[in-house]
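This is what each chain is made of:
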Amino acid sequence: MSGGLLDSRGRVARKLRISVTDRCNFSCLFCMPQKDKIRWLPKDDILTYEEITRIVRTLVSMGIEKIRVTGGEPLMRQNLEELISSLKSIDGVKSLDMTTNAWFLEGKAQALKDAGLRGVTVSLHSLKRERFARISGMDALPRVLRGIDRALEVGLRPVKINSVAMAGYNDDEILDLVEFAREKEVALRFIEFMPLDGMGAWSPDRMLTGKRISEIVSERYRLVPRGRELGDTASLYGFEDGRGELGLIMPMSQPFCDDCDRIRLTADGKLLSCLFDTAYNDLKQVTRNGGSDSELADYIRKCVYRKPAGVAYMPWVKKFWEKPRAMYAIGG
Ligand code: SAM
Ligand code: SF4
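The model shown is predicted, which means the values in this text are computed figures rather than measured ones. (Residues numbered from 1 in each chain as written. Chains lettered and ligands numbered in written order. Predicted model: local features only at pLDDT ≥ 70, side-chain atom pairs only at ≥ 80, totals over all residues. Heavy atoms only, no water.)

Points about unusual backbone geometry
Residues Arg157 and Pro158 are joined by a peptide bond in cis, for which omega reads 0°. Structurally, Pro158 can be placed in the loop between helix 5 (141–154) and strand 7 (159–165). (Helix = DSSP H or I, 4+ residues; strand = E, 2+ residues; numbered from the N terminus.)

Remarks on the pattern of salt bridges
This model, assessed by the stated rule, comprises 25 salt bridges. Measuring nitrogen to oxygen at the nearest pair gives 2.8 Å for the salt bridge that ties Glu173 to Arg131. Pair noted here: Glu173 is in the loop between strand 7 and helix 6 (174–184) and Arg131 is in helix 4 (residues 129–136), with a separation of 42 residues, a long-range link. The same class applies to Glu173 and to Arg131, which are both buried. Connected via shared salt-bridge partners are Lys15, Asp232, Asp261 and Arg262. (Salt bridge = Lys/Arg side-chain N within 4 Å of Asp/Glu carboxyl O. Buried < 20%, exposed > 50% of the residue type's maximum accessible area, 1.4 Å probe, protein only.)

Quick word on the nonpolar core
Core analysis: the biggest nonpolar cluster contains 107 residues, and Ile52, Leu80, Leu105 and Phe190 have the highest contact counts within it. Setting aside its immediate chain neighbours within four residues, Leu80 contacts Val20, Tyr49, Val69, Pro74, Leu75, Met98 and Leu112. (Core = buried A, V, L, I, M, F, W, Y, C linked by side-chain atoms within 4.5 Å. Contact = heavy atoms within 4.5 Å.)

Some thoughts on the site of ligand 1
Within the structure, ligand 1 sits among 20 residues, and Phe30, Gly72, Ser123, Asn162 and Met194 are positioned closest to it. Here a nitrogen atom of ligand 1 sits 3.0 Å away from a polar atom, N or O, in the main chain of Gly72. Residue Thr100 places a main-chain N or O atom 3.2 Å away from an oxygen atom belonging to ligand 1. If ligand 1 stood free it would expose 540 Å²; the protein chains cover 96% of that surface. (Near = heavy atom within 4 Å. Polar contact = N/O pair within 3.5 Å; in protein donor to acceptor, adjacent residues only side chain to side chain. Areas by Shrake-Rupley, 256 points an atom, 1.4 Å probe, with all protein chains shown as cover.)

So, the sheet that holds strand 10 (residues 234–239)
One open sheet holds the 12 strands; their spatial order is 9-10-11-8-7-6-5-4-3-12-13-14, and the pairing between them is mixed. Because the sheet does not close on itself, it has two edges, and the strands there are strand 9 (223–227) and strand 14 (281–282). Pairing analysis gives five bridges linking strand 10 to strand 11 (residues 245–249), with the strands arranged antiparallel. Across the sheet, Ala234 pairs through a bridge with Ile249, a residue of strand 11. Strands in contact with helix 7 (residues 210–218) are strand 7, strand 8 (187–192), strand 9, strand 10 and strand 11; relative to strand 11, the strand with the most contacts, it is inclined by about 155°. (Pairing = 2+ DSSP bridges. Axes fitted to C-alpha atoms, helices over the stretch in contact; angles between N-to-C directions.)

Some remarks on the environment of Asp139
Looking at where Asp139 falls in the secondary structure, it is placed in the loop between helix 4 and helix 5. Residue Asp139 is classed as partly exposed on the basis of its relative accessible area of 44%. Residues Asp139 and Arg129 lie 10 residues apart in sequence; the distance between their C-alpha atoms is 6.9 Å. Only 2.8 Å separates the side chain of Asp139 from the side chain of Arg129, close enough to count as a polar contact.

Next up, the structure:
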């Protein structure tokens with residue numbers, strides 16, 4: 001199979017995010033605020049590791065190069081290292097990383113490294129134990145910090161921290177998080193709160209923009225702008241003393257849809273060409289009904305071709321999202 005994964009606006013998909021489960025042991029208020037009301041995907045609908053590997057092999061043959069495993073919480077899946085090892089063995093995969101809440105990371109880091117995982121991004125939204133518990137629904141801060149240390153110890157690289165910045169929740173910790181990341185020598189990314197909390201609780205005034213974050217950081221540090229590579233989500237900054245790296249992910253205030261090169265595979269086999277894709281293209285329908293690899297590739301090509309223009313072209317007012325989706329169900 002050949003030919004890039006081109007969409008109708010000329011963008012080419014090279015990165016894939018795989019959600020391996022919609023389940024999570026946390027319930028972050030910007031992702032899964034009403035856990036008791038969630039209906040998890042039925043077990044039979046969840047792709048097996050073999051099914052994921054088959055789909056990814058096809059996608060890689062069509063030009064996907066970089067893979068990020070995510071969820072829900074990816075480490076809720078049993079023996080995730082087995083999937084990592086099969087994905088790693090696919091010819092053409094240039095990088096294989098994971099985003100995790102780190103609850104299970106301390107125990108799993110070595111196995112994941114041995115299986116071929118390259119790096120890990122840990123979500124950390126507060127360094128205050130009680131606040132962390134309030135945001136994520138779990139009193140997990142000490143365990144998450146041990147997970148970060150263990151990832152560094154076993155040699156997973158890069159180790160990055162993702163922090164969703166929310167006005168009135170953690171905006172007073174921006175500088176503490178920066179200092180923490182610089183001391184640990186891990187890269188830090190602040191992400192603007194997106195309307196993907198599943199409840200429509202998002203509103204512009206809850207969002208801390210990248211611009212505001214850079215102003216806060218600049219009160220203490222001199223930032224050295226490094227720009228944003230085409231296709232990347234983060235606008236990067238160094239620090240004048242050379243220690244550390246800050247990334248600002250600004251999907252809302254400075255969308256990067258025009259050069260987006262990411263697609264997503266959900267835990268139940270839907271291909272989402274965009275976080276805001278409204279068509280759930282069901283790859284499972286093809287693979288479970290005896291479709292050949294070339295039928296699967298044709299279907300994927302059509303789905304990607306219809307990729308929407310993106311959030312950049314949507315009026316980002318609350319009423320737009322009549323049925324807001326949640327990040328845990330899509331795979332952030
Ligand atoms: N459970 C893992 C974790 O929390 O890292 C992986 C899945 S999570 C959905 C992926 C990333 O999306 C996390 O860094 C999380 O903080 C981020 N995220 C979740 N909801 C978000 C939202 N509404 N806006 C911006 N980022 C969000
Ligand atoms: Fe779970 Fe990650 Fe969503 Fe938090 S952000 S509820 S850890 S999937």
